[in-house]
Amino acid sequence: MFHGLARFACRRPWWIVAAWASALAASTVLAPRLPERLLAGGFDLSDSESGRSNDALERELGLSATDLTIIVKSADTRYDHPEFKGAVARVVEAVASVPEVHRVHSPDSTGDPGRVSKDGHAVFLTVSTGKDIDVAQRALRKIRPAFPEMPEGMEVSVTGIPAVYADITGISEKDLTRAEKYAFPIALLILLAVFRSPIAASLPLLLGICCITANLAVLYVVTLFRDLGIFVLNVTTAVGLGVAIDYSLLVVSRFREEIEGGKDVEAAIDRTMATAGKSIFFSGLAVVVSLVGLRFVRFVAIHSIAIGGMIVVAISVAGALTLLPALLRLLGRKIDWLVFWKNAGGEGRLWARIARLVMRRPILVFGAVLAIVLVLMSPVRHIELGVPGTDMLPAWAPSRMVIEESNEVFPDRRIPQIVVVIEDPQGIRRPERIAEIREFVAWAKEQEHVTMALSYTNFVPPERLPTLSMMRGGAGEEAIYDWLLTSNQPDLPPALSGPVRALSSDTTTLVRITPDLPTNAAPVRELTRKIRSRQWAAGVDVNVGGESAYFMDFMAALYEDFLKAIVVVVLLTYAILVLQFGSFLLPAKAVVMNALSIGACYGAIVFIFQQGHFADILGFTPLGYIDSPIPIVIFSVLFGLSMDYEVFLLSRVKEAYDRGLSNEESVAEGLEQTGGIITSASAIMIVVAGSFFVADIFLVKTLGFGMAFAFFLDATVIRAFLVPSTMRLMGDWNWWAPRFARGFLSRVSKLTAHA
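Residues numbered from 1 in each chain as written. Predicted model: local features only at pLDDT ≥ 70, side-chain atom pairs only at ≥ 80, totals over all residues. Heavy atoms only, no water.

### Regarding the sheet that holds strand β8 (residues 508–515)
Thought 1: Strand order across the open sheet formed by four strands is β7-β8-β6-β9, with antiparallel pairing between neighbours. Here the strands that pair on one side only, and so sit at the sheet edges, are β7 (450–454) and β9 (541–545). Neighbour-to-neighbour, the strand axes of the sheet open up by a mean angle of 15°, direction not taken into account.
Thought 2: With four bridges joining them, β7 and β8 adopt antiparallel strand pairing. The residue bridging A453 from the neighbouring strand is I513, located in β8.
Thought 3: Of the strands in this sheet, β6 (418–423), β7 and β8 are in contact with helix α15 (residues 431–445), which crosses β8 at around 10°. (Pairing = 2+ DSSP bridges. Helix = DSSP H or I, 4+ residues; strand = E, 2+ residues; numbered from the N terminus. Axes fitted to C-alpha atoms, helices over the stretch in contact; angles between N-to-C directions. Contact = heavy atoms within 4.5 Å.)

In structure tokens form, the structure reads like this:
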């Protein structure tokens, strides 16, 4: 197969270049259209208990997670002033004229006094557009310019999940542009230092640009048939640029090595494809397999990264096996044109000396390095997983600022951490149901950390109860609520009928429970579990939702799927490496090396981003937990990318071993030939991944740091010390395969080498 690719590249180089140029031209048209088609969400849980509670709220009470909230405030005027009321009426009229808007709830339309702040200087409106987040975001884009001009001293702002998602999309695009601004120049400097020639250094960047652009165009086409999440933009760009440059480094370095060894151009390309090309193919296959694991995760935002990653890696492999050989054929020996200085080979000899030193004291080195890695892993014992809300956005993001302001001005209307949705087809305002819900509210208030439990049995402000009691002839509180809930609603004043309608329909009601701890706190999760375990009367359907319940359901679904992904990824990767190296033990060792590298990465992330060490120096505010998708994405991305370096190193070791060298000499030669390339490749990956550390989206920032740290550790401590020491300790057992498999593995090796 690889000899065939080499022959085709040598015979028809211009055909290949023209095909790639045509594809790139088409891609430049489609790629810029991708961001507007990506979902900022992609974490739907409609089949969970929290999802069912949201469906009931939308169906029965017209409450939806996609609702927009508009805040109108005045510095000097109270809402009871005609000027303020007139301004709000004009805002309602303008927003209601947007085609996607179903209804606008205001203080006057609902009769709900809670929509006016206690000081009277602010009101909030709720805009319903239905459950479709895309429709809500289209509405948002039309609502903002539709706002009327406000009187002096008054202002209007909008927030809600659609506004948060819009900010995530816009900030993600800026993060990507900023990362590329840093990554490309630094990568070019590293390539110039490695190749010492502007021609050779430009080829990896050229392939990286081609692959990223083509990937974005293909992803645009994919969005015509299925949804993709916004984070595919950042993660796959980092992965694509990294692997494209890695593969180019391997091909160009091997080609130059063969040319310097005396081969002509076509023979050098043939040998490069038979060796480096084979390594790239299996390495790319390992990366794709590692990303397949994310496809087991049910959330669009997560498996979008898998789809984008698999596509960009496949394109990078295709480019390394077709475009690069064609360009090398056209350039020939001119690839070394304008070489700054000749390589004396000292770096390779340094890596060989390191390998031999390590193998003289393998037990000591193995023990010392393993101890270091385990220390780096140790913070993982204290990992706390959570799901961020608006705190994933920077503090200056408009939607976050408005939400935080709204929570201060309307503290009783902040998004509740726990929402209990109670449905009774026979009627939710029957006396026995009112009594049961009253009992539940009293029980909820007694629970530790609960500061508020609001329902249709206790919504009247305490200061108004004496007046109502006098109206009802001295009736007690329970009798007052029984009257309010069983009376003919149109006969009640708006200040009473509005809240009743907001909190209940004929068959459904809700109880809003607010603890005094953050949503991700363990006591809040325990309280949610306790509420879910409570028994209700027969015929009553109860679903517990809200932020805490959603977060619990989200993490349960995420990590249930993740366990399946780990098993599939490890087994498939192991099988691929068995086919490549013809050994049953070497692939197992490679899997363990990757696991150690990823474990140390997890430890560093917990130490820095959860526990907050160096936060002031690095310029961020720790959340106190790790965003729950991060360990999954890091595992899937790093498991494959780290395997790149393992494959590059072991391929050269196997070449030497197949020539008859001893296990120790094979390891030394393999490290001598690949140490510099792996160091250079990892340096570029550190730059690419690290460039996302300057991102404003906290999840992207954490991923960027985690990947950069793992690449540094992998290319230094793991590959330079742990791999040689373990290979020395295993000796010829590195290459062991059971007798029944040797014939098959030998045939596979010959097939891939000579087809």
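Continuing now.
### Description of the packing of aromatic side chains
When we look at a pair of aromatic rings, we describe it by the centre distance and by the angle of the planes.
Thought 1: One pass over the full model with this rule turns up 24 aromatic pairs.
Thought 2: Centroid distance F299 to F554: 4.7 Å. Interplanar angle 45°. Geometry classified as tilted. Separated by 255 residues along the polypeptide, F299 in the loop between α10 (265–292) and α11 (300–331) and F554 in helix α20 (residues 546–581) bring together distant segments of the chain. Each member of the pair, F299 together with F554, is buried. (Phe/Tyr/Trp six-rings, centres within 6.5 Å; stacked < 30°, edge-to-face > 60°. Buried < 20%, exposed > 50% of the residue type's maximum accessible area, 1.4 Å probe, protein only.)

### As for empty space enclosed by the protein
Thought 1: Summed over all chains, the structure comprises six cavities of 30 Å³ or more.
Thought 2: Considered as a void within the structure, the largest cavity measures approximately 80 Å³ in volume.
Thought 3: If you trace the largest cavity, you find it lined by N234, V235, A238, A689, F692, V700, L703, G704 and M707.
Thought 4: In terms of residue count, helix α25 (residues 698–730) provides more of the lining of the largest cavity than any other element does, four residues in total.
Thought 5: Classifying every residue of the lining of the largest cavity by side-chain character gives seven nonpolar, two polar and no charged.
Thought 6: When its volume is computed, the second largest cavity comes out at roughly 60 Å³.
Thought 7: In terms of lining, the second largest cavity is formed by L250, R254, T275, A276, S279, F648, S651, R652 and E655.
Thought 8: Looking at the lining of the second largest cavity, the elements that each hand over two or more residues are α9 (232–260), α10 and α23 (629–658).
Thought 9: It is α23 that provides the largest number of residues to the lining of the second largest cavity, a total of four residues. (1 Å grid on protein atoms, 1.4 Å probe; cavity = no way out; pocket = protein on both sides within 12 Å on 5 of 7 lines; lining within 4 Å. Points joined across faces, edges and corners; volume = space filled by probe spheres on them. Nonpolar A, V, L, I, M, F, W, Y, C, P; charged D, E, K, R; others polar.)

### Re the packing of α9 against α10
Thought 1: One can describe the packing of α9 onto α10 by two numbers: an axis separation of 8 Å at closest approach and a directional angle of 155°. As judged from the angle between their axes, α9 and α10 are roughly antiparallel. Remark: the crossing between α9 and α10 carries right-handed chirality.
Thought 2: Split by residue class, the contact of α9 with α10 holds twelve nonpolar, five polar and three charged. (Parallel < 35°, antiparallel > 145°, perpendicular 65-115°, else oblique. Left-handed = near helix turned anticlockwise from the far one by under 90°.)

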